[in-house]
Amino acid sequence: MAHTKEQQTINFYNQHAKEWAEKYGSASKNSFWMQELTEFNSLLPQGKILEIGVGGGCEAAELINMGYEYTGIDPATALL
């Protein structure tokens, strides 16, 4: 069971998931982490990825496009 502060955060993301995904999700232009993802891909060009806290899914789209087998989880179920 999540602590009160954690539950407040989860509730916020569940209530605002649509707006969050539209602003930061896979439909957004590029991941904030694109440079790091590109470097990661150069060091480990294939494999399985488990992302904990997927948010809007922007990194998921990039990792899948790079050819990784992707699994993502998030406590805010409305973001999934």
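Computed from a predicted structure; not experimentally measured. (Residues numbered from 1 in each chain as written. Predicted model: local features only at pLDDT ≥ 70, side-chain atom pairs only at ≥ 80, totals over all residues. Heavy atoms only, no water.)

Residues L37, I49, V54, A60, L63, Y68 and Y70 constitute the largest nonpolar core, which totals seven residues. In this structure, L63 is in contact with L37, I49, Y68 and Y70, ignoring residues within four places of it in sequence. (Core = buried A, V, L, I, M, F, W, Y, C linked by side-chain atoms within 4.5 Å. Buried < 20%, exposed > 50% of the residue type's maximum accessible area, 1.4 Å probe, protein only. Contact = heavy atoms within 4.5 Å.)

The next subject is the pairing of strand β2 (residues 69-73). Pairing analysis gives five bridges linking strand β1 (residues 48-52) to β2, with the strands arranged parallel. When the sheet's bridge partners are listed, L50 is paired in β2 with T71. (Pairing = 2+ DSSP bridges. Helix = DSSP H or I, 4+ residues; strand = E, 2+ residues; numbered from the N terminus.)

On to the pairing of β1, then. Along any regular strand the residues' side chains alternate between the sheet's two faces. Every second residue of β1 is oriented toward a common face, the buried set being I49 and E51 and the non-buried set K48, L50 and I52. Note on the crossover from β1 through helix α4 (residues 58-65) to β2: the handedness is right-handed. (Right-handed = clockwise from strand over helix to strand, strands pointing away.)

Turning to its location among the elements, A17 is positioned in helix α2 (residues 17-24). For A17 and G67, which are 50 residues apart along the polypeptide, the C-alpha to C-alpha distance reads 26 Å. Leave out the neighbours within four places in its chain, and A17 touches A78 and L79.

With that out of the way, let us pick up the packing of aromatic side chains. A complete count under the given rule lists two aromatic pairs for this structure. Relative to Y13, the ring of F12 lies with its centre 5.4 Å away and its plane at 85°, an arrangement referred to as edge-to-face. For Y13, a relative accessible area of 26% gives the class partly exposed. Ring plane angle 45° and centroid distance 5.8 Å describe the contact between F40 and Y68, whose orientation is recorded as tilted. Of this pair, F40 sits in helix α3 (residues 34-43) while Y68 sits in the loop between α4 and β2, and the two are 28 residues apart along the sequence. Judged by its relative accessible area of 34%, F40 falls in the partly exposed class. By relative accessible area, Y68 is classed as buried at 5%. (Phe/Tyr/Trp six-rings, centres within 6.5 Å; stacked < 30°, edge-to-face > 60°.)

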